[in-house]
Amino acid sequence: MEINDYITGIISIIAIVISIIAYIQNSRSDKRQLRIGKLEEMLEITHILMGNYQYFEDTNFFKTNLISGTKDNAELEKYNQQIKALSQISERIELQDKLTRLFVLNNSYLPKKELKEKIGIFIAVYTSIAENTLSNPNKIIELPFNDFPKRWDFLDFTQEIQNELIEEMDLGYKESIENKNTYEKKFKERYKLK
């Protein structure tokens, strides 16, 4: 064998090794991108559900007051209208599908850590309040959760989950989701708004 044959063989082996390394890196990158996409979907679902939680909480409060107090026809009619509106909201946000999807994503893309358990509680609370208000609007039933957090507490809990999801993406961001916007004051001054 000549030296050119050895050089050609070495270059071929190096090319094969480089191809294998590139394939492995692309495979890892694809898996990471897929996982980030699923975590983003979890963020979206929790955001939608958090934004509509107040309607369920209001209806549950109305139900509790109505069942424990005297029932006059006017209040009962308002309550039935509220249940109808809540049902429409539930259909519009596709509540059943969102809760099921969040359950699947939580169990498929998160390791066994506290965040996974928090999202499990989020799903259980939301499922219980929906069951209490939509499925059984006129009677008290025993559920995993019978008392529900106030909307501001649920907002804090949801933001905590969302920030942990962002950290789980490992893109270098932490505590990205919060209630206050520090730019609002500058915006109002800039455009002379009250």
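Residues numbered from 1 in each chain as written. Predicted model: local features only at pLDDT ≥ 70, side-chain atom pairs only at ≥ 80, totals over all residues. Heavy atoms only, no water.

Asker: Provide a residue-level description of the overall build of the chain, including the pertinent values.
Answerer: Helix and strand counts for the chain stand at 6 helices and 0 strands. Reading the chain from its N end, one meets helices and strands in the order α-α-α-α-α-α. Judged by the C-alpha coordinates and their principal axes, the chain covers about 105 × 50 × 30 Å. In the chain, which comprises 194 residues, the proportion classed as buried is 31%. Taking the intrachain contacts of the chain between residues at least 6 apart in sequence as the baseline, contacts between residues at least 24 apart amount to 73%. Counting only carbon and sulfur atoms, one obtains 54% of the accessible surface of the chain, whose full area is about 13400 Å². Charge separation in the chain, taken as the distance between the mean sites of 27 positive and 30 negative side-chain charges, equals 4 Å. (Helix = DSSP H or I, 4+ residues; strand = E, 2+ residues; numbered from the N terminus. Buried < 20%, exposed > 50% of the residue type's maximum accessible area, 1.4 Å probe, protein only. Contact = heavy atoms within 4.5 Å. Areas by Shrake-Rupley, 256 points an atom, 1.4 Å probe, with all protein chains shown as cover. Lys, Arg positive; Asp, Glu negative; His and termini not counted. Charge placed at Lys NZ, Arg CZ, Asp CG, Glu CD.)

Asker: So what about the nonpolar core? Which residues, and what values?
Answerer: Ranked by size, the top nonpolar core spans 29 residues in total, and within it Met-42, Leu-49, Leu-95, Ile-119, Tyr-126 and Leu-165 carry the most contacts. If you list the elements that add at least two residues to this core, you get α1 (3-68), α3 (95-109), α4 (114-135) and α5 (151-169). Setting aside residues no more than four positions away along its own chain, Tyr-126 makes contact with Leu-49, Asn-52, Tyr-53, Phe-56, Leu-95, Leu-99 and Phe-154. (Core = buried A, V, L, I, M, F, W, Y, C linked by side-chain atoms within 4.5 Å.)

Asker: Residue-level account of the packing of α4 against α5, with values.
Answerer: Where α4 contacts α5, the axes come no closer than 10 Å and their chain directions differ by 145 degrees. For the element pair α4 and α5, the recorded crossing hand is left-handed. Each of Leu-115, Lys-118, Ile-119, Ile-121, Phe-122, Val-125 and Tyr-126 in α4 lies in contact with α5, whose residues at this interface are Phe-154, Phe-157, Thr-158, Glu-160, Ile-161, Glu-164, Leu-165 and Glu-168. By residue class, the composition of the contact of α4 with α5 is 10 nonpolar, 1 polar and 4 charged. (Axes fitted to C-alpha atoms, helices over the stretch in contact; angles between N-to-C directions. Left-handed = near helix turned anticlockwise from the far one by under 90°. Nonpolar A, V, L, I, M, F, W, Y, C, P; charged D, E, K, R; others polar.)

Asker: How would you explain the environment of Ser-108 if you had to name every residue and give the values?
Answerer: As for its position among the elements, Ser-108 is in helix α3. C-alpha of Ser-108 to C-alpha of Ile-177: the two residues are 69 residues apart in sequence and 24 Å apart in space. Within the local environment of Ser-108, its side chain forms a polar contact with the backbone oxygen of Val-104, the two atoms lying 2.7 Å apart. (Polar contact = N/O pair within 3.5 Å; in protein donor to acceptor, adjacent residues only side chain to side chain.)

Asker: I'd love a proper account of α3, names of residues and values included.
Answerer: Counted at 1.5 Å a residue, the expected span for α3 with its 15 residues is 21 Å, and the 21 Å between its end C-alpha atoms agrees. Burial in α3 covers these residues: Leu-95, Lys-98, Leu-99, Leu-102, Leu-105 and Asn-106. Down the axis of α3, the smallest arc covering the buried residues is 130 degrees, so these residues share one side. Those residues of α3 that are exposed and aimed more than 90 degrees away from the buried face are Gln-96 and Asp-97. Along its buried surface, α3 packs onto α1, α2 (73-92) and α4. (Expected span 1.5 Å × (residues − 1). Arc of directions from axis to C-beta.)

It is worth stressing that arrangement in space is one thing and function is another; only the former is reported here.
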